[in-house]
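The lines below spell out each chain.
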Amino acid sequence: MAVAEAQLYAKVSNKQRGRGTSALLEPLLARGFPAHIAQKALVATGQKTIEDAAKWLHSHCNDPSLDDPIPQEYALYLCPTGRLHSCLQEFWRESKRQCGKNRAHEVFPHVTLCDFFPCEDQKVELLYDILKRVGDSFSQSFPASISLTLHASPSYLGFFIDDSQAKILKEFALAFSSEASALADCHVKPSLKQFHLTLAHRFYPHHQKTLEQLAKCINPGEPCQWVAALYSRDMRFVHYQRLRALFQYKPQNIDELLINVGDLIYVDPGQQSDVSEGWVIGTSHRTGCRGFLPENYTERAHEADTWVRHREYVFDTASRSFTKTEKEPNVKLNGEAHNLKVSRNVTNVPSLQNAALRRGVLVMSHGESVDQVFGKSWLQQCLTADGKYSRADLNFPSSLPRRRDSMKQFENDPSLSCCGIFQSRLIGEALLEQEVTVSQVYSSPALRCVQTAQHVLQGLKLNPKVRIRVEPGLFEWTKWEASRAIPNFMTVAELVEASYDIDTSYRGIFPLSSLVPSESYEDYVSRSSAVMKQIISACPSKGRGVILIVGHGSSLAPLTRALTGLPNTDSTDFPQRVQKIPSLGMCFCEEQKEENKWQMVNPPVKTLTHGANAAFNWRNTIMEE
């Protein structure tokens, strides 16, 4: 047991537990469930229905912590609803798309009234009563509308609440905390800080300007009804990461965890050091069971995804707010006034999606190649005695393109596997579905990269409208070449003859003859940076087309970091980083309002995940004695 969990058990195990019952509890007791377990099921489901609690008990029948006395933690938040909430949610989505995830994305838009505090299961209903009673006492004095002032700093962006209105909110929070502490035996602390609604927190400083531009598109004067809501969380997993299952996984061994699509998993980062690569050990939020699971079956979830919403108090100020004279709200950014007209239609608000859209650069690694599956000696498996190609497995391509020199040159310049071809076309189809407009395509001279670009374009239905520009400067770090020499790539003429849509008029930025075997890491990063800058300057600055660059796993970091102005990664852990990049791993950079200012955002399509499929020999498996 972790030290923190042991402290929690010691803290609560000796507390006197009450004997009160409720209308929801009695039917569960009648079904034979022990009182403390039935009570735990009710609070874990927000005390909504008997059916919800019974379903929770069924799911947690093998939960080893079912008898544990640790209570839930509760927090009181003031949450916006209506059109203001819709605008804030749109900001959440767009800021995540353009700037990536920051700390604010972990929780929904809210103002903290009382931070998390523990409350024994049988006393939770007292909190509901207190919330209703205190809410009623403040219903007439609660502000008809709340004035929000935008504040920005290098690590924080959010709305501050006007002092006079914040004073009423603090009085409400203090009244709730006082009654809860006295009647429910809880140690509740009202928030004493400046009341605020966070938009972004702990983001990269170079994202500040973009986030501010998006925030200015929010009209804080939008109609809004505020709700005081009580939330709970499992205090054992406060500092854990949350994962969401993308696929079902059925255990193959006794120490593995059963997960269904959508399941939420608690993972302690400090307990993963001894776990095999590609696996994590976690606890299921749905069942309470613990075990190993494949990490690539999951994605990161938000902290609040595992919270439970209990009761709420709606402040009905509509009748008072409509009697006031309509005025244009005066939004302030760090004290500087900006007039915004109150919108009566959400569509009148400036589109967040158009706030910072410019050119885009999509950098991807090539699809699965035959050497990745069958090893460096893959060609020897496919050559007949007379030197002809014959595929030895269905994942080998049915044929190889013709080249004037020896076929053995394919050993160091391998082709895509059949799965790699399928992967590439699938990515192209996904880009087409998302209406991504690719205007230029650049590819490493490696055959596997040219083929990837070709099949992505097929999926996009852009063959032969957009042709591939073969750029030698996009080849991977030459230090990794097994032959210690630059491969003999197929010529442009050979690629055209093999029916690849190549731009024959293009002249490479970095001549093939300039590639140096076993170049230093610094030289590789410098080459990548120079090529990226030349590609950007050669493409029109006007228009919103996406530049597609197909390279290698080693290409993603040096190309995108050079474009976004980030410092180079250290060479010591560079190989480990590249090993984590899968086939068709993608990074997407988007140009900002200022020309040639770029930032990394989420790619326009999701990643492609699949499992391994080993070779099968029926003689050795089925016929074996």
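Since the structure is predicted, the reported quantities are computational estimates derived from the model, not experimental observations.

Applying the stated criterion to the full structure yields 28 aromatic pairs. Consider the rings of Phe-475 and Phe-489, whose centres lie 5.0 Å apart with planes at 70°: the pair is edge-to-face. Taken together, the residues span a long stretch of sequence, with Phe-475 in the loop between β17 (468–470) and α13 (492–497) and Phe-489 in the loop between β17 and α13 at a distance of 14 residues. In this pair, the class of Phe-475 matches that of Phe-489, namely buried. Aromatic pair Trp-477 and Tyr-524: ring centres 6.3 Å apart, planes at 15°, arrangement stacked.

Here we take up the pattern of salt bridges. All told, the structure shown has 26 salt bridges when counted by the stated rule. We note a salt bridge from Arg-236 to Asp-234, for which the minimum N-O separation is 2.8 Å. The exposure classification of Arg-236 matches that of Asp-234, with both residues buried. In this structure, Arg-467 engages Asp-501 in a salt bridge whose closest nitrogen and oxygen atoms are separated by 3.8 Å. Placement of Arg-467 in the loop between α12 (447–460) and β17 and of Asp-501 in the loop between α13 and α14 (521–538) is noted, with a sequence separation of 34 residues between them. You can call Arg-467 partly exposed: its relative accessible area is 37%.

Before going further, it helps to spend a moment on the nonpolar core. Leu-127, Leu-157, Phe-176 and Leu-199 are the most contacted members of the largest nonpolar core, which has 54 residues in total. Among the elements that make up this core, the one with the highest residue count is helix α6 (residues 124–138) (seven residues). Counting 43 residues, the second-largest nonpolar core is a separate cluster that includes Leu-362, Phe-396, Val-450 and Val-546.

Across the sheet, which stays open at both edges, the six strands sit in the order β17-β16-β18-β15-β19-β20 with mixed pairing between neighbours. Each having just a single partner strand, β17 and β20 (598–601) make up the two edges of the open sheet. On average, each strand axis in the sheet is inclined to that of its neighbour by 25°, with strand direction left out of account. The pairing of strand β15 (residues 360–365) with strand β19 (residues 586–591) spans five bridges and is classified as antiparallel. By the bridge assignment, Leu-362 is partnered in β19 with Phe-588.

Strand order across the open sheet formed by four strands is β2-β1-β6-β12, with antiparallel pairing between neighbours. Sheet topology places β2 (111–119) and β12 (308–314) at the edges, where each strand pairs with a single neighbour. In this sheet, adjacent strand axes meet at a mean angle of 20° when their direction is disregarded. The pairing of strand β6 (residues 226–234) with β12 spans five bridges and is classified as antiparallel. Across the sheet, residue Ala-228 finds its bridge partner in β12, namely Tyr-313. The strands that α6 touches are β1 (72–80), β2, β6 and β12; relative to β12, the one it contacts most, it runs at about 25°. Together, β1, β2 and β6 form the strand contacts of helix α7 (residues 163–183), whose direction differs from that of β2 by roughly 10°.

The rules behind the values
The numbers attached to residues start from 1 for each chain and follow its sequence in the written order. Only residues with pLDDT of at least 70 get local features here, since the model is predicted, and only at 80 or more are side-chain atom pairs given and counted; chain-wide, interface and lining totals rely on the full set of residues. Here the side-chain values reflect all heavy atoms present in the structure, with hydrogen atoms and water set aside. Only Phe, Tyr and Trp rings take part, Trp by its six-membered ring, and two of them pair if their centres are within 6.5 Å. Stacked means planes under 30 degrees apart, edge-to-face means over 60, and tilted covers everything else. Strands are runs of DSSP state E lasting at least 2 residues, helices are runs of H or I lasting at least 4, and numbering of each runs from the N terminus. To sort residues, take the accessible area from a 1.4 Å probe on protein chains only and compare it with the maximum for the residue type: under 20% means buried, over 50% means exposed, and anything in between is partly exposed. Just to be clear on terms, a salt bridge is a Lys or Arg side-chain nitrogen sitting within 4 Å of an Asp or Glu carboxyl oxygen. Put simply, buried Ala, Val, Leu, Ile, Met, Phe, Trp, Tyr and Cys residues joined by side-chain atoms within 4.5 Å make one nonpolar core. In this scheme, strands are said to pair when DSSP sees at least two bridges between them. Angular values range over 0 to 180 degrees, each being the angle between N-to-C directions of two axes fitted as lines to C-alpha atoms, with helices fitted over their stretch in contact. By definition, residues are in contact when any of their heavy atoms lie within 4.5 Å.

That is the geometry; function is a separate question.
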